[in-house]
Amino acid sequence: MTTDDVIKGYTFAEPALDLGALLVDGEPRPEAQVRIPLRMLNRHGLVAGATGTGKTKTLQLMAEQLSAAGVPVFLADIKGDLSGMAQPGEPSERLRARTAALGQDRTPQACPTEFYALGGVGDGIPLRATMTAFGPTLLAKVLGLNETQESSLGLIFHYADTQGLPLLDLKDLRSVIQYLIDNPEALKGVGGLSKQTAGVILRALVNLSAEGADRFFGEPEFDTADLMRLTPDGRGVVSILELPALQDRPQLFSTFLMWLLADLFSHLPEVGDPDRPKLVLFLDEAHLLFTDASKAFLRSVTQTVRLIRSKGVGVFFVTQTPKDVPADVLAQLGARVQHALRAFTPQDAKALKATVSTFPNSGYDLEEVLTQLGIGEAVVTVLSDQGVPTPVAWTRMRAPQSRMAPADPAVVQGVVAASPLLPKYGEAIDRQSAYEILAAKVAPAEDPAQPVDRAQPVEAQPSVLESVLGSQVFKSFARSAASSLGREISRSIFGTARRRR
Ligand SMILES: Nc1ncnc2c1ncn2[C@@H]1O[C@H](COP(=O)(O)OP(=O)(O)OP(=O)(O)O)[C@@H](O)[C@H]1O
Ligand SMILES: [Mg+2]
């Protein structure tokens with residue numbers, strides 16, 4: 001592989017993100033810029049490498065250039081170090097020398113940002129989703145259910161969907177399960193729900209609320225269209241999900257990210273292969289998505305990643321080794337930015353070999369190169385604007401222009417306070433839903449003077465559906481939420497759903 005091959009391989013007719021410059025014998029070659037065409041970002045990618053090797057900075061570098069190019073970005077900030085994107089980077093002599101040698105004219109600059117927090121834990125616009133929207137597949141993953149329990153959960157959701165019992169928050173789901181335990185005949189004809197399985201699910205839900213999920217499930221539900229915003233001057237908004245408070249609950253946030261993907265997937269129009277993506281998501285600590293995932297969940301991730309491309313959404317997985325990502329997903333990732341790997345243990349060595357085997361042929365001895373890469377260096381290959389893999393290039397990455405450290409808390413708070421989304425999502429609301437409907441049904445406090453009740457023959461017990469449809473609370477819910485009364489909610493391949501807007 002010569003410098004000329006790299007220059008030729010990375011010269012595109014269309015706009016591209018600048019990643020860095022080729023390194024030859026430890027010297028940067030600014031004439032050989034390594035880039036990724038905007039058009040190819042919906043072909044997804046992987047940023048991998050051992051801890052401290054530069055993955056997050058690579059993500060930041062790509063995100064800020066996307067924003068500048070008018071592409072909105074969503075990213076999960078696990079360690080809190082991406083919040084710095086809201087502030088210009090600090091000028092430093094050392095950094096200036098490094099970037100100048102790469103041909104980068106680094107001008108410290110902040111990005112237009114929006115901060116989010118799951119359920120409002122921490123500084124950020126509260127992100128919430130209803131149980132109904134979240135769906136049984138993702139919830140089973142969060143709860144760590146086995147396949148049998150997962151299918152029972154599917155049955156419970158199906159029951160609630162068909163019976164018009166809105167599942168907005170955790171207590172709605174719990175009350176439906178309790179109702180089904182007390183009234184096993186309700187599920188006759190659609191398969192049964194064993195008391196034992198129902199008990200397991202109930203206990204798992206109790207644990208989940210103990211971990212703070214109560215604040216996440218509910219309304220107002222986040223409209224993923226709010227992630228697609230541009231500033232008046234045409235820059236893409238960088239939406240940063242702040243997660244430090246939820247680090248001990250990785251399942252919830254990673255699963256939330258999949259909900260985002262699924263929701264975007266189900267509701268964005270087909271755009272084929274646009275000039276540039278509509279949105280790019282960076283999923284940091286992506287291994288959390290896949291550990292202990294059920295086959296159904298993995299199938300859904302694979303399918304969503306494959307299909308969301310034609311909606312113009314790009315997904316970048318950021319993780320320590322490619323092995324963290326299932327082979328079927330890995331096979332669909334067009335871009336590779338592989339930072340250094342360690343080779344201390346036999347297990348490391350195996351992971352290294354596996355990583356090398358996922359790269360196209362190159363002039364490098366990758367097993368060696370991958371352990372020699374410096375911090376902020378990576379082995380890169382992407383898809384050219386023609387869709388063919390570019391030459392593998394040992395690259396020294398550019399430095400982000402925004403701050404490479406956490407933002408000042410006051411800056412984050414200022415962004416949140418000024419956000420146009422605060423009035424929309426700031427306050428939680430608790431509307432009439434399954435919990436209230438079932439509570440009203442079980443309670444003996446029905447108005448005895450109600451003519452409908454008296455007209456009914458004693459032996460004809462009203463079905464749940466009938467009593468639910470007749471209940472005042474449901475009528476008022478149906479009005480306020482414009483929910484499709486008694487009709488089954490159609491679920492995406494991910495089992496997620498959304499009420500009509
Ligand atoms: N492109 C770059 N330009 C300049 N410095 C960099 C670059 N990439 C990384 N660094 C330096 O390396 C440090 C670690 O980088 P980073 O936080 O991106 O690592 P990481 O791979 O995300 O680590 P972890 O797995 O622990 O999250 C940064 O704080 C910065 O000082
Ligand atoms: Mg990191």
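Rules behind the numbers
- Residues numbered from 1 in each chain as written.
- Chains lettered and ligands numbered in written order.
- Predicted model: local features only at pLDDT ≥ 70, side-chain atom pairs only at ≥ 80, totals over all residues.
- Heavy atoms only, no water.
- Helix = DSSP H or I, 4+ residues; strand = E, 2+ residues; numbered from the N terminus.
- Contact = heavy atoms within 4.5 Å.
- Areas by Shrake-Rupley, 256 points an atom, 1.4 Å probe, with all protein chains shown as cover.
- Expected span 1.5 Å × (residues − 1).
- Buried < 20%, exposed > 50% of the residue type's maximum accessible area, 1.4 Å probe, protein only.
- Pairing = 2+ DSSP bridges.
- Axes fitted to C-alpha atoms, helices over the stretch in contact; angles between N-to-C directions.
- Parallel < 35°, antiparallel > 145°, perpendicular 65-115°, else oblique.
- Nonpolar A, V, L, I, M, F, W, Y, C, P; charged D, E, K, R; others polar.
- Near = heavy atom within 4 Å.
- Polar contact = N/O pair within 3.5 Å; in protein donor to acceptor, adjacent residues only side chain to side chain.
- Core = buried A, V, L, I, M, F, W, Y, C linked by side-chain atoms within 4.5 Å.
- Phe/Tyr/Trp six-rings, centres within 6.5 Å; stacked < 30°, edge-to-face > 60°.
- Salt bridge = Lys/Arg side-chain N within 4 Å of Asp/Glu carboxyl O.

Engineer: I'd like a description of the overall build of the protein chain, backed by residues and values.
Structural biologist: Along the backbone of the protein chain there are 19 helices and 12 strands. Within the protein chain, counting contacts between residues at least 6 apart in sequence, those at least 24 apart form 77% of the total. Working note: accessible area of the protein chain is about 21000 Å², and carbon and sulfur atoms make up 53% of it.

Engineer: Residues and numbers for helix α6 (residues 170-182), please.
Structural biologist: Over its 13 residues, α6 runs 18 Å from end to end, which matches the ideal 18 Å to within 8%, given 1.5 Å per residue. Every buried residue of α6 is accounted for by L170, D172, L173, S175, V176, I177, Y179, L180 and I181.

Engineer: Outline the pairing of strand β10 (residues 335-338), supporting the account with residue identities and numerical values.
Structural biologist: Across the two faces of β10 the burial is the same, with A335 and V337 and R336 and Q338 all buried. As judged from the four bridges shared by strand β3 (residues 45-48) and β10, these two strands associate in the parallel manner. Across the sheet, L46 pairs through a bridge with R336, a residue of β10.

Engineer: Can you lay out the packing of helix α4 (residues 131-143) against helix α7 (residues 195-210) for me, pointing to particular residues and giving the numbers?
Structural biologist: Contact geometry of α4 with α7 gives a least axis separation of 10 Å together with a crossing angle of 75 degrees. By the criterion of interaxial angle, the relationship of α4 to α7 is roughly perpendicular. On α7, the residues touching L139, V142 and L143 of α4 are A204, L205 and L208. Looking at side-chain class alone, the contact of α4 with α7 contains six nonpolar, no polar and no charged residues.

Engineer: Got a sec to walk through the site of ligand 1? Specific residues and values, please.
Structural biologist: The environment of ligand 1 is made up of 16 residues, and the closest members are T51, G52, K55, T56 and K79. Interatomic distance of 2.7 Å between a side-chain N/O atom of T56 and an oxygen atom of ligand 1. Burial of ligand 1 by the protein chains amounts to 80% of its free accessible area of 640 Å². Secondary structure elements with two or more residues in the shell around ligand 1: α2 (55-68) and α3 (93-101). Among the elements that line the shell around ligand 1, the one with the most residues is α2, at three residues. Of the residues that constitute the shell around ligand 1, the class distribution is five nonpolar, six polar and five charged.

Engineer: So, the environment of L298: which residues are in play, and what are the values?
Structural biologist: Within the fold, L298 resides in helix α10 (residues 295-308). Between the C-alpha atom of L298 and that of P326, which follows or precedes it by 28 residues, the distance is 8.0 Å. Discounting residues that sit within four places of it in the chain, L298 has contacts with F290, A293 and P326.

Engineer: Go over the packing of helix α5 (residues 147-162) against α6 with me, naming the residues and quoting the values.
Structural biologist: Between α5 and α6, the shortest axis-to-axis distance is 10 Å and the interhelical angle comes to 100 degrees. Considering the angle they form, α5 stands roughly perpendicular to α6. Facing α5, whose interface residues are L153, I156, F157 and Y159, α6 presents L173, V176, I177, Y179 and L180. Here the contact of α5 with α6 is composed, by residue class, of nine nonpolar, no polar and no charged.

Engineer: An account of the environment of Q149 is needed here, citing residue identities and associated values.
Structural biologist: Its location among the elements puts Q149 in helix α5. Judged by its relative accessible area of 15%, Q149 falls in the buried class. Every residue in contact with Q149, bar those within four places of it in the chain, is listed here: T197, V200 and I201.

Engineer: If you had to explain the nonpolar core to someone new, which residues and values would you point to?
Structural biologist: Grouped together as the largest cluster of nonpolar side chains are 123 residues, with contacts concentrated most on L75, L139, L173, F217, F282 and F317. At nine residues, the largest contribution of residues to this core is made by helix α8 (residues 250-267). In contact with L173, other than residues within four places in its own chain, are M131, L139, L153, I156, F157, L167 and L205.

Engineer: Let's hear about the packing of aromatic side chains: which residues, and what values?
Structural biologist: What the rule picks out here adds up to 10 aromatic pairs. For the ring pair F216 and F217, a centre distance of 4.8 Å and an interplane angle of 65 degrees mean the geometry is edge-to-face. Take F217: its relative accessible area is 2%, and that puts it in the buried class. With a centroid separation of 5.9 Å and an interplanar angle of 45 degrees, the aromatic rings of F290 and F317 are classed as tilted. Of this pair, F290 sits in helix α9 (residues 287-290) while F317 sits in strand β9 (residues 313-319), and the two are 27 residues apart along the sequence. The pair formed by F290 and F317 is uniform in burial state, with each residue classed as buried.

Engineer: Explain the pattern of salt bridges residue by residue, including any values.
Structural biologist: Applying the stated criterion to the full structure yields 16 salt bridges. Across the pair D275 and R39 runs a salt bridge, and its minimum N-O distance is 3.2 Å. Residue D275 is found in the loop between α8 and β8 (279-283), and its partner R39 is found in the loop between β2 (27-37) and β3; the two are separated by 236 residues along the sequence. What makes R39 partly exposed here is its relative accessible area of 21%. Here K353 and E367 are joined by a salt bridge, their closest N and O atoms 3.7 Å apart. Taken together, the residues K353 in helix α12 (residues 346-357) and E367 in helix α13 (residues 366-372) connect sequence positions 14 residues apart. Through salt bridges with shared partners, one network takes in E14, R39 and D275.

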